[in-house]
Amino acid sequence: MSPAPRPSIPAVPAAPVTAAQLPSNVAGFVARERELAEMDRVFAESRAAGVPACIVVTSMGGAGKTGLAVRWAHRVAEHFPDGQLFIDLHGYTAQTEPLTPEASLDRFLRTLGVPGERVPAGLEDREALLRSMLANRRVLFVLDNARTSAQVRPLLPGSPGCAVVITTRDQLIDLVVREGAHPMRLPTLTPEESAALLGTIVGPERIAADPRSTARLAELCDGLPLALRIAGARLLARPHWTPASLAARLDDEQRRLAEFSHGEVGLRAGFSLSYQGLSGPAAELFRRLGLLRMPDFADWVTAALLGTGLGQAQVCLEELLDAQLVHTVGPDASGRLRHRMHDLVRLYARERVLAEEPEECRSGALARVLGRLLALAHEANRRERGGDFTIIRGASAYWEPPDGLDENLLAMPLDWLESERHTLVVGVTQAAESGFPELCWELALAGVTLFEARGYLDDWRRTHEQALAAVRRSGALLGEAAMSYSLGSLELYYGVKSSRLLDTALELFEKVGDAHGKALAQRYLGLSEHFRGHHAEALARYEAALPALRDAGDRAAEAHVLGCMAQIAILRGDYELARTRLRDALAICERVGYRRGQAQALWRLGELHLRSGDVRRAAAAFEDALELVRQRRDALGEAYILCGLGETQILQGMLDRGRETLSRARQVAQEAGQAAAHARACFSLAQAMIAGGDPERAVALLRETAAIAADDTAPIWEKRALSALADLGAQPGDLVP
């Protein structure tokens, strides 16, 4: 006789075993109070709703998911008197296959008291038996290191008294959608939390002895708890090491991942498991992201790295996001999402791309990113200025994706440039270091529209000095001319009245036969003469530049020169000529849609009306100009316009309002680092204080004016300030603002 068949679902044992399988709490657990409170809230809401709580804790490897899950499980264990079950599903364990649902159910059923011979053979029968055993019971499950939703779904209890915490590197969106699980992404630790974690391992005294090196060590670990624990363990094992000595070892990017290894624990192995689970195209994108040094990136970068359309690249990016190898940091200034790769993950990606891809592939990928960046920056400049104006082009090749430009990407061109500010700055550096001198200087010049409008003068100088060095090494004369010209124009912002760089640029543009570049250099040489009070020489420069700018079709530069010529006419009292030139400049800017040029022309019109005594028209012009610069967040333009508006308001008898406007002008100019506007605002505010009967405050402001304008940065305001101090019977004093 054959044996009787086993029943598919055996009877539930009369007295199931009460299991207590939670691992011990992680020693030195720090922070995570917000996450623990969120888990408490989800648990309470689920109990109130009569459903089992299910929380999915997700993050990259090494972020402390298991530690958090175990910590919370111990915190709420008293709510689960019928048992606490823990299992490692080995979703990401080296040389170990992920645990199947059948194996996990077998283990749980045996733990709860089901004899081995009575465990059903099929998955559905095991799942049904587990749910039957949990009916009316309160049991907590910690499902650690899950890989897929299919791996954990059969393990979920149905009893409202139960709760499940799942830790995973993946998003497990299917559980969120179909099972109502609550997703909770675990961030890395803050610098303060990182230092505190190190202190719990090696002792607070050792950490407190060198807070600066501890901060650097925490920075190198980039807030990753596993990295911090490895660093702490290495310090603990080597009492003669200091935080400074370990930080020095970690500073070398080429050996940093190797340093994050202690015994059998290391970061590289964990990253490798996530990398091995990627599809081929996603793995290629992951590797190539390691080529970039930008702090974060937008979607267009991924298409350039792969050399594909944006849609195909976004599929790969989503896979990296799901695997927690990349995370989204939020929208940028243009409203587009930006993404970031953890510093240590980036180092692993760089290791892989250097090991797996030949030099020509790596160089080609970087060239595509920089070529796409240049194409987008030039298009943003074109849209911002109304055409290909005030820009010098080299021989760099653009890279265009097969699906073309997303028109919405550059809907707000200056905001897009703002969002890619750090990409531009780092791109110049990488181009210089990677042997792309043409891309280097063209990218630097493409950033000037942003650097000038938003007052990023340090970025302007740094990128251009790097690019100038690169083109001099390569012998690219046009690039050297362009960088000399742009750096020379920057010097005018710092109050340098005579620029050798502009003279050099003029000579080089003439040497390479670039008439447009030569005219642009003449324009700023004219401005240099203008600032020194050499009006005849300035007009000669402007008049030399104007025909060439018109021949080149550079309407923005033409309008700027007309405005400068009008300003000289104002100073000479020729208001009618000034009015004609300004109307021509304004008409050009309105025709091409160059809003910054419109604001400049309106500001000068306001100055003209102010000089001629028409305060009503002056106020209207300044108000119109102010609206334009504020739309663009042009701090430099705002500072100058507020000066004129404040002076106008005082002449209109609105003393308090005028002082408020001038105070704002002073603040904006100071923040923008614009000495001439700062000096003018202080001087005008001092005059308002005198009119308001506050000579003591006026004296302080006049001294500030003289200090700002010292060293020939704004001589006219220094002279006026010293004269006004003498009129008040005050001494200049210490010229310190």
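Residues numbered from 1 in each chain as written. Predicted model: local features only at pLDDT ≥ 70, side-chain atom pairs only at ≥ 80, totals over all residues. Heavy atoms only, no water.

Caption draft 1: Spatial organisation of the overall build of the chain. A count of helices and strands for the chain gives 36 helices and 11 strands. Across its three principal axes, the chain shows a C-alpha extent of roughly 120 × 60 × 55 Å. A burial count over the chain gives 55% of its 737 residues as buried. At a minimum sequence separation of 6, the contacts of the chain that also span at least 24 residues come to 69%. Of the roughly 30600 Å² of accessible surface on the chain, a fraction of 50% belongs to carbon and sulfur atoms. (Helix = DSSP H or I, 4+ residues; strand = E, 2+ residues; numbered from the N terminus. Buried < 20%, exposed > 50% of the residue type's maximum accessible area, 1.4 Å probe, protein only. Contact = heavy atoms within 4.5 Å. Areas by Shrake-Rupley, 256 points an atom, 1.4 Å probe, with all protein chains shown as cover.)

Caption draft 2: Representation of the packing of helix α30 (residues 595-612) against helix α31 (residues 615-632) in the model. The geometry of α30 relative to α31 is characterised by a closest axis approach of 8 Å and an angle of 155° between their N-to-C directions. Judged by the angle between their axes, α30 and α31 are roughly antiparallel. Pair α30 / α31 crosses with left-handed handedness. Residues R595, R596, Q598, A599, L602, W603, L605, G606, E607, H609 and L610 of α30 form the contact with α31, whose participating residues are R617, A618, A621, F622, D624, A625, L628, V629, Q631 and R632. Of the residues assigned to the contact of α30 with α31, the class counts are 11 nonpolar, 4 polar and 6 charged. (Axes fitted to C-alpha atoms, helices over the stretch in contact; angles between N-to-C directions. Parallel < 35°, antiparallel > 145°, perpendicular 65-115°, else oblique. Left-handed = near helix turned anticlockwise from the far one by under 90°. Nonpolar A, V, L, I, M, F, W, Y, C, P; charged D, E, K, R; others polar.)

Caption draft 3: A look at the pairing of strand β10 (residues 327-331). Sheet topology places β10 next to strand β11 (residues 337-340); 4 bridges connect them, and they run antiparallel. Residue pairing for β11: G330 is matched across the bridge by R338. With antiparallel pairing between neighbouring strands as the criterion, β10 and β11 make up a hairpin whose turn holds 5 residues, including G335 at a positive phi of roughly 90°. (Pairing = 2+ DSSP bridges.)

Caption draft 4: Summary view of the packing of aromatic side chains. The tally for this structure, following the rule as stated, stands at 11 aromatic pairs. Aromatic pair Y275 and F286: ring centres 5.4 Å apart, planes at 35°, arrangement tilted. Here Y275, found in helix α13 (residues 267-276), pairs with F286, found in helix α14 (residues 280-289); they are 11 residues apart in sequence, far enough to count as distant. Residue Y275 shares its accessibility class with F286, and that shared class is buried. Between Y275 and Y348, the ring centres sit 6.0 Å apart and the planes meet at 80°, which makes this aromatic pair edge-to-face. In this pair, Y275 is assigned in helix α13 and Y348 in helix α17 (residues 343-356), connecting sequence segments 73 residues apart. (Phe/Tyr/Trp six-rings, centres within 6.5 Å; stacked < 30°, edge-to-face > 60°.)

Caption draft 5: Seen up close, the sheet that holds strand β4 (residues 140-146). One open sheet holds the 6 strands; their spatial order is β1-β3-β4-β5-β2-β6, and the pairing between them is parallel. The open sheet has two edge strands with one neighbour each: β1 (19-20) and β6 (182-185). Alignment of strand β2 (residues 53-58) against β6, held across 4 bridges, turns out to be parallel. In the strand pairing of β6, T58 is matched with R185.

Caption draft 6: Up close: the nonpolar core. Core analysis: the largest hydrophobic core is formed by 172 residues, its most contacted members being F286 and W416. Here the element with the most residues in this core is helix α28 (residues 555-571); it accounts for 11 residues. Leave out the neighbours within four places in its chain, and W416 touches W300, S334, L373, L376, A377, A380, L409 and L410. Core analysis: the next-biggest nonpolar cluster, separate from the first, contains 30 residues, V119, L155, C162 and V164 among them. (Core = buried A, V, L, I, M, F, W, Y, C linked by side-chain atoms within 4.5 Å.)

Caption draft 7: A look at the sheet that holds β11. Strand order in the open sheet made by the 3 strands is β9-β11-β10, with antiparallel pairing throughout. Each end of this open sheet is capped by a strand with a single partner; those strands are β9 (297-298) and β10. The pairing of β9 with β11 spans 2 bridges and is classified as antiparallel. In the strand pairing of β11, F297 is matched with H339.

Caption draft 8: Spotlight on the pairing of β4. For β4, the buried fraction is high: 7 of the 7 residues fall into the buried class. In terms of strand pairing, strand β3 (residues 83-88) meets β4 through 5 bridges, oriented parallel. Note on β4: the bridge partner recorded for L85 is F141. Pairing of β4 with strand β5 (residues 163-168), which is carried by 5 bridges, proceeds in the parallel orientation. Residue pairing in the sheet places V142 in a bridge with V165 of β5.

Caption draft 9: Just the packing of helix α26 (residues 515-531) against α28, in detail. Across the interface, α26 lies against α28 with an axial gap of 11 Å and an inter-helix angle of 20°. When the interaxial angle is binned, α26 and α28 end up roughly parallel. The handedness of the crossing between α26 and α28 comes out as left-handed. Listed contacts from α28 to L520, R523, L527 and H530 of α26 are A557, H560, V561, C564, Q567, I568 and L571. A breakdown of the residues in the contact of α26 with α28 according to their chemical character gives 7 nonpolar, 3 polar and 1 charged.

Caption draft 10: Representation of the pattern of salt bridges in the model. Tallying each qualifying case throughout the model produces 56 salt bridges. Here R255 makes a salt bridge to E259, at a shortest N to O gap of 2.7 Å. In this pair, R255 and E259 both sit in helix α12 (residues 253-259), 4 residues apart, roughly one turn of the helix. Judged by its relative accessible area of 33%, R255 is partly exposed. The salt bridge partner of E433 is R293, with a shortest N-O separation of 2.6 Å. Of this pair, E433 sits in helix α20 (residues 421-433) while R293 sits in the loop between α14 and β9, and the two are 140 residues apart along the sequence. The exposure class assigned to R293 is partly exposed, which follows from its relative accessible area of 45%. Several salt bridges share partner residues, and in doing so they unite E284, R287, R288, R352, E356 and E357 into one network. (Salt bridge = Lys/Arg side-chain N within 4 Å of Asp/Glu carboxyl O.)

Caption draft 11: Seen up close, the confidence of the model for the chain. Taken residue by residue, the chain gives an average pLDDT of 90. The fraction at 70 or more is 95%. Per-element confidence in the chain is highest for helix α21 (residues 437-446), whose mean pLDDT is 98, and lowest for strand β8 (residues 265-266), whose mean pLDDT is 75. Confidence over residues 1-7 falls short of pLDDT 50; this stretch has 5 contacts with residues more than four positions distant or in other chains. (pLDDT = per-residue confidence, 0-100.)

Caption draft 12: Seen up close, the environment of L250. Tracing the backbone through its elements, the reader meets L250 in helix α11 (residues 243-250). L250 gets classed as buried once you look at its relative accessible area, which sits at 1%. Along the chain, L250 and A431 lie 181 residues apart, while their C-alpha atoms are 26 Å from each other. In this view, L250 contacts L217, L220, R256, E259 and F260; residues no more than four positions away in its chain are not counted.

Caption draft 13: Structural detail: the state of the cysteines. On inspection of all chains with the given rule, the structure shows 0 disulfides. With no disulfide partner, C54 has as its closest neighbouring cysteine sulfur the one in C162, 12 Å distant. Of the cysteine sulfurs around C316, a residue in no disulfide, the closest is that of C361, at 16 Å. (Disulfide = S-S within 2.5 Å.)

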